[in-house]
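Reading the structure
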Amino acid sequence: MSRALRLLFVPLLALLLLYGAPSAGAQIPVVGDLPITEAPAPTSGGDTSPAPGGAPESSSNAAPLVGTFRISAGNCTSNLSGSFFRMIQPGGSATGPFVTNSDSPCGDKSYTPLRPGTDGGLVTRSYQAQPASPFDAAGNGKSARITAPAKFYGVDFATATNATDPQTGAKVAAPEIQVSGTSLSGDTRAFAASWNNQHFNQGAPKPDGSTPGNTKRPSGTIDPNTGAFTLEWSSLIVGGPFNNFTGVWRLEGQFVSSEAAASSGGSAAPATGAADPGLASAVAASTQGGAGARTRGVADTRAGPESIVGGVLLLAGLAAGRLRRRVAVAGTTRG
Amino acid sequence: MAENSRPRGALLAALAIGLGLAVAPAIFGMFSRAPAGGQMISEFKPYMRATTLDAFGADLQLIDAAHREVTASEPRPDSSGVSSFGREWPAIERDMSSMLSTIESNVPRYNGLVALPPFWAFPWFFVLPGLMIAGLAAWALRSPPPRRRLATLLLAACALSVIAAPAVFQMFTRAPGGAAMINDFRPLMTDDNIAKIQGSFLVIAGAEGELRTAVLPQAAPGTLPATREFVAEWPRIAAEMAPMIGAMADNLDNFAGVAALPPFTLFPWFFVVPGVLVFALALVARPPAERQLASQPAAPAATPLLERSAS
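Residues numbered from 1 in each chain as written. Chains lettered and ligands numbered in written order. Predicted model: local features only at pLDDT ≥ 70, side-chain atom pairs only at ≥ 80, totals over all residues.

Let us now look at the pairing of strand β15 (residues 246-257) of chain A. Residues and elements named next belong to chain A. Of all twelve residues in β15, twelve are buried; the element is thus mostly enclosed. Bridge count between strand β3 (residues 84-93) and β15: five bridges; the pairing is antiparallel. Its bridge partner being in β15, F84 is matched across the sheet by R250. Summarising the sheet, strand β14 (residues 228-236) and β15 pair through nine bridges and their orientation is antiparallel. Looking at the pairing, L231 lines up with L251 of β15. (Buried ≥ 20, exposed ≤ 12 C-beta atoms within 10 Å, placed from the backbone. Helix = DSSP H or I, 4+ residues; strand = E, 2+ residues; numbered from the N terminus. Pairing = 2+ DSSP bridges.)

Right under this line is the structure:
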């Protein structure tokens with residue numbers, strides 16, 4: 001190899017390491033240290049590949065929202081609004097056909113309205129576990145923290161999030177919802193429904209991280225000023241009497257961060273007109289994360305394992321080149 | 001040399017049979033399928049009792065009575081759920097009654113399967129005797145006549161116990177019963193049939209909801225007694241039906257695994273045939289007693305068969 005080629009090779013290798021390795025290193029999730037792409041990443045249905053490690057996947061430029069997604073009750077008297085549950089029949093899609101719940105008060109009985117439970121709604125980063133005896137004698141679900149039990153074919157169904165999924169027995173992470181600008185994404189694999197002495201995992205992704213059939217990860221929108229949100233996900237029922245049906249969950253209401261709840265002395269929402277500080281900081285962090293990613297350049301060289309290995313290889317290459325040159329010089333001198 | 005080739009060949013054949021028995025479960029996928037069968041047997045247990053099946057039968061009669069009442073009432077209730085029920089119930093009733101009678105007729109066969117040793121242990125009934133036969137045959141091959149005689153005796157005893165195992169576990173009567181049960185359940189344990197049962201459940205449940213919330217509140221007191229009873233009993237009926245549908249849906253894969261095993265009727269013969277063969281081979285390979293050996297001073301039989309052949 002000529003000296004000129006060697007001189008060209010070394011800077012090329014250095015450039016490769018500087019631009020290639022750090023981006024690989026940045027894939028190591030750092031909670032709150034915000035990531036790269038603009039769009040939230042709710043995975044489309046049909047992807048059945050499990051997420052590694054069973055931990056929630058973090059959308060790349062999203063900031064976690066820690067608090068309660070307080071839900072407003074489903075209202076089907078005029079226009080449908082609020083929070084609902086629907087069930088897609090086997091072989092159906094997001095557009096139906098849906099199961100008709102004869103106990104629904106709605107005109108379109110495929111909608112089952114949800115009412116807030118004792119916690120007001122879905123709490124992120126912690127579990128809202130079912131009671132030790134999750135059913136009464138008639139098989140009605142008793143969990144009432146997230147949503148109030150609702151009748152489905154004569155029997156109440158209830159919802160909970162548990163560290164161990166009661167249907168599959170898998171250990172699952174607590175719900176995680178992230179914001180990116182005004183978009184929501186997340187992981188609700190711990191979410192489960194109980195009905196008629198049966199448990200149904202209703203999270204997305206499923207406990208093993210897969211998204212089979214019509215399963216769709218949570219997605220939605222949030223108003224950074226008011227905390228008003230809509231959040232929707234769907235989850236294929238795997239096993240049990242409703243095997244291959246799909247539950248669709250639509251939550252609507254107001255997000256209240258733990259920070260805001262603590263500062264207002266408990267579970268109340270922030271005062272009208274006052275922005276939720278937890279939400280505001282998460283939205284700001286997600287925006288900054290995106291900007292940071294866009295301006296990331298040569299200076300952004302956070303050392304991941306790949307970049308360290310690359311650096312060592314570069315140094316070794318340089319040392320070997322230098323040694324070879326010395327040997328060649330010594331040989332020439334002797335000759 | 002020729003005198004020794006027959007026992008050596010017999011022992012090599014016994015060794016091959018032993019190894020064949022030992023690897024057979026892996027070839028037939030029994031290590032995964034047999035436990036799956038065990039799980040299915042265990043999960044079907046609550047529904048394979050005459051009392052449970054009688055209760056289901058009584059529930060069907062109750063729903064049928066409500067159906068007759070509702071379809072005969074004037075004016076006929078005007079709701080989609082009740083209309084579907086009126087239209088679809090006769091076929092649902094026919095299918096469900098047929099399913100119940102199929103299950104009921106298989107209860108004795110199921111009980112026969114339950115009385116067999118646990119399913120998870122099945123592969124080991126092949127592996128362990130297989131390894132014992134192979135080990136004894138190898139030992140006999142490497143032993144000089146006095147010990148070879150003992151080894152072949154043990155080999156014959158092992159073969160006899162393998163022959164006896166199906167009789168001890170009553171496999172000749174229970175295994176064909178299991179095969180018949182698998183055949184009877186084959187049309188029930190399909191995705192399509194489970195989907196059909198799920199649909200039937202929703203038709204019944206949908207009708208119950210509309211009868212409870214729309215029809216009965218407007219009916220005159222004392223009318224529609226069977227319908228009232230159906231609605232009153234629905235939580236119990238649903239609590240019994242839903243887990244049964246769940247058990248069927250959850251065991252589709254397990255059933256497919258069991259159905260893919262070799263036919264149950266052949267299982268006893270998987271023991272008997274190798275057992276008889278190994279017993280016969282052990283007799284062939286058995287060296288003469290010491291007294292007879294003493295009368296034959298020529299040395300060849302005093303050396304191990306395997307070493308002799310190698311030299």
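Resuming the write-up.
Residues apart from glycine generally show negative phi values, whereas peptide bonds are mostly found in trans. Look at the link from A:G96 to A:P97: it is a cis peptide, with omega at 5 degrees. By the secondary structure assignment, A:P97 is in strand β4 (residues 96-98). Here the bond from A:A204 into A:P205 is cis, since omega is 0 degrees, no more than 30 degrees from zero. Position of A:P205 among the secondary structure elements: in the loop between β12 (198-201) and β13 (216-222). Here A:N244, not a glycine, exhibits a phi torsion of approximately 80 degrees, which is positive. Mapped onto the elements, A:N244 comes out in the loop between β14 and β15. For A:N244, a count of 21 C-beta atoms within 10 Å translates into the label buried. A positive phi angle, close to 55 degrees, is found at B:Q170, a residue other than glycine. The residue B:Q170 is located in the loop between α7 (145-168) and α8 (171-185) in this model.

Moving on, we get to the pairing of β13(A). All names here are of chain A. Across the seven residues that make up β13, a large majority, five, are buried. By the bridge criterion, three bridges tie strand β10 (residues 183-187) to β13 in an arrangement that is antiparallel. Directly across from S185, in β13, lies its bridge partner S219. Of the strand pairs in this sheet, β13 and β14 are connected by five bridges, and their pairing is antiparallel. What sits directly across from T221, in β14, is T230. Between β13 and β14, which pair antiparallel in sequence order, lie five residues; one of them, G227, sits at a positive phi of approximately 80 degrees.

Let's shift gears to the environment of B:R94. Residues and elements named next belong to chain B. Of note, R94 is situated in helix α4 (residues 80-105). Given 10 C-beta atoms within a 10 Å radius, R94 is considered exposed. Counting along the chain gives 34 residues from R94 to L60, while the straight-line C-alpha distance between them is 9.9 Å.

Turning to the packing of helix α6 (residues 122-142) of chain B against α7(B), a few remarks are in order. All names here are of chain B. Where α6 contacts α7, the axes come no closer than 8 Å and their chain directions differ by 160 degrees. Compared by their axis directions, α6 and α7 come out roughly antiparallel. In this structure, the crossing between α6 and α7 has a hand that is left-handed. Residues F125, P129, M132, I133, L136, A137, W139 and A140 of α6 form the contact with α7, whose own contacting residues are R148, A151, T152, L154, L155, C158, V162 and A165. The class makeup of the residues in the contact of α6 with α7 is 14 nonpolar, one polar and one charged. (Axes fitted to C-alpha atoms, helices over the stretch in contact; angles between N-to-C directions. Parallel < 35°, antiparallel > 145°, perpendicular 65-115°, else oblique. Left-handed = near helix turned anticlockwise from the far one by under 90°. Contact = placed C-beta atoms within 7 Å. Nonpolar A, V, L, I, M, F, W, Y, C, P; charged D, E, K, R; others polar.)

What follows deals with helix α11 (residues 252-259) of chain B. All names here are of chain B. All of the buried residues in α11 are N254, F255, G257 and V258. Projected down its long axis, α11 carries its buried residues within an arc of 160 degrees, all on one side. The elements touched by buried residues of α11 are α2 (30-44) and α8. (Arc of directions from axis to C-beta.)

Moving on to the nonpolar core. Residues and elements named next belong to chain B. A14, I133, A137 and L155 are the most contacted members of the largest nonpolar core, which totals 130 residues. With ten residues, α6 is the largest single contributor of residues to this core. When sequence neighbours within four positions are dropped, the list of residues in contact with A14 reads I133, A137, L155, V278, L281 and A282. (Core = buried A, V, L, I, M, F, W, Y, C linked by C-beta atoms within 7 Å.)

Now for the sheet that holds β12(A). All names here are of chain A. Reading across the sheet, the four strands line up as β7-β8-β11-β12 and stay open at both edges, with antiparallel pairing between neighbours. Every other strand in the sheet has two partners, leaving β7 (150-152) and β12 as the edge strands with one partner each. Here the average twist between neighbouring strands, direction ignored, is 35 degrees. Where strand β8 (residues 155-161) lies against strand β11 (residues 191-195), five bridges are found, and the strand directions are antiparallel. The residue of β11 that forms the bridge with T159 is A193.

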